[in-house]
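Per-entry structural report
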Amino acid sequence: MTEAQEIRGCLHWPALLDEAAQQALVADLRAVVAAAPLISPVTPGGRPMSVRMTAAGRLGWVSDASGYRYAARHPSGRPWPPIPAAVLTLWHRLTGLDRPPDCCLVNFYGEGARMGLHQDRDEGDFSFPVLSISLGDDALFRIGGPHRRDPTSSLWLKSGDALLLGGPARLAFHGIDRTRFGSSRLLPQGGRINLTLRVVA
Ligand code: MD3
Ligand code: FE
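Below or above, wherever it landed, is the structure these notes cover. (Residues numbered from 1 in each chain as written. Chains lettered and ligands numbered in written order. Predicted model: local features only at pLDDT ≥ 70, side-chain atom pairs only at ≥ 80, totals over all residues. Heavy atoms only, no water.)

The coordination sphere of the iron ion (ligand 2), as far as protein atoms go, consists of His118 (NE2), Asp120 (OD) and His174 (NE2), spread over 2.0 to 2.3 Å. When the donor residues of the iron ion (ligand 2) are listed from N- to C-terminus, their spacing reads H-x1-D-x53-H. Pair noted here: aspartate 120 is in the loop between strand E7 (115-118) and strand E8 (130-136) and histidine 174 is in strand E12 (residues 174-179), with a separation of 54 residues, a long-range link. Note on aspartate 120: relative accessible area 10%, which makes it buried. (Donors = N, O, S within 2.8 Å, 3.2 Å for Na, K, Ca; no water. Helix = DSSP H or I, 4+ residues; strand = E, 2+ residues; numbered from the N terminus. Buried < 20%, exposed > 50% of the residue type's maximum accessible area, 1.4 Å probe, protein only.)

Here it is as structure tokens:
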């Protein structure tokens, strides 16, 4: 395995996945999106997010007029498709955990999409890490500390990179300031996919 680098308590594996492994994941994700189409969530304030999302696994993330939460079904009423086997293998290998994640969130960043600084705290047990896998266009990731006012560090995430957020970093504020649309040729139409694997409860 390539060397991991530590930044603000996160472990970053640049270029963990080679081109063939990235292409294989994209093929798996096309099947996920066919079964559970991308949706445009709304923020708690009711504004549409620029990132489109879907999920695989026992639970996925949904948002509607009554708020946002983890749910066992896509808004279509169908259960979420299974998490691709290659994604589960990465989870077990990088976290060292025997238990599988409950959710593989799939975030899609088209041109101009971004994700504001936020904390992920809708899961039941913050002692479990979150694993992120980046595919496609470069993205400027920013991470701070447990308080919004804490200083932040930035890092470009590239296609094939993995990031493990555990320990104190699990409750750090983080976001995606921007992407370089079209910087990668992995997705023929451009864009970025980020997978986050989580234990929800
Ligand atoms: C740090 N996604 O889905 S991945 C998210 O690139 C999210 O789509 C971003 O933030 C993306 O919630 C960033 C890196 C990441 C994911 C989860 C974290 C960083 C994290 C959870 C806790 C702390
Ligand atoms: Fe997050």
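With respect to the secondary-structure elements, asparagine 194 resides in strand E13 (residues 192-198). At 2.9 Å, the side chain of asparagine 194 and the side chain of serine 132 are in polar contact. Within the structure, the side chain of asparagine 194 is placed 3.5 Å from the side chain of serine 134, a separation counted as a polar contact. Each residue touching asparagine 194, except ones within four places of it in the same chain, is listed here: Leu105, Val106, Asn107, Tyr109, Ser132, Ile133 and Ser134. (Polar contact = N/O pair within 3.5 Å; in protein donor to acceptor, adjacent residues only side chain to side chain. Contact = heavy atoms within 4.5 Å.)

Once that is clear, we can look at the sheet that holds E12. With antiparallel pairing, 4 strands are arranged side by side in an open sheet as E7-E12-E9-E10. The open sheet is flanked by E7 and strand E10 (153-157), the only strands paired with a single partner. Each strand of the sheet is rotated relative to its neighbour by a mean of 25°, with strand direction disregarded. Summarising the sheet, strand E9 (residues 139-143) and E12 pair through 5 bridges and their orientation is antiparallel. Bridging from a neighbouring strand, phenylalanine 141 pairs with isoleucine 176 of E12. (Pairing = 2+ DSSP bridges. Axes fitted to C-alpha atoms, helices over the stretch in contact; angles between N-to-C directions.)

Moving on, we come to the pairing of strand E5 (residues 67-71). Inspection of the sheet shows strand E4 (residues 60-64) paired to E5 by 5 bridges, in the antiparallel sense. Across the sheet, the residue bridging to aspartate 64 is glycine 67, located in E5.

Considering the arrangement of structural elements, one finds threonine 152 in the loop between E9 and E10. Polar contacts involving the side chain of threonine 152 include one to the side chain of arginine 142, which spans 3.0 Å.

What follows covers the pattern of salt bridges. Scanning all chains against the criterion turns up 7 salt bridges. For the salt bridge of aspartate 102 with arginine 99, the shortest nitrogen-to-oxygen distance reads 3.2 Å. Using a relative accessible area of 28% as the deciding quantity, one classes arginine 99 as partly exposed. Put simply, aspartate 138 and arginine 180 hold a salt bridge, and the shortest N to O gap is 3.0 Å. Residue aspartate 138 is found in the loop between E8 and E9, and its partner arginine 180 is found in the loop between E12 and E13; the two are separated by 42 residues along the sequence. Aspartate 138 sits in the buried class, given a relative accessible area of 12%. On the basis of relative accessible area, arginine 180 is assigned to the partly exposed category, the value being 36%. (Salt bridge = Lys/Arg side-chain N within 4 Å of Asp/Glu carboxyl O.)

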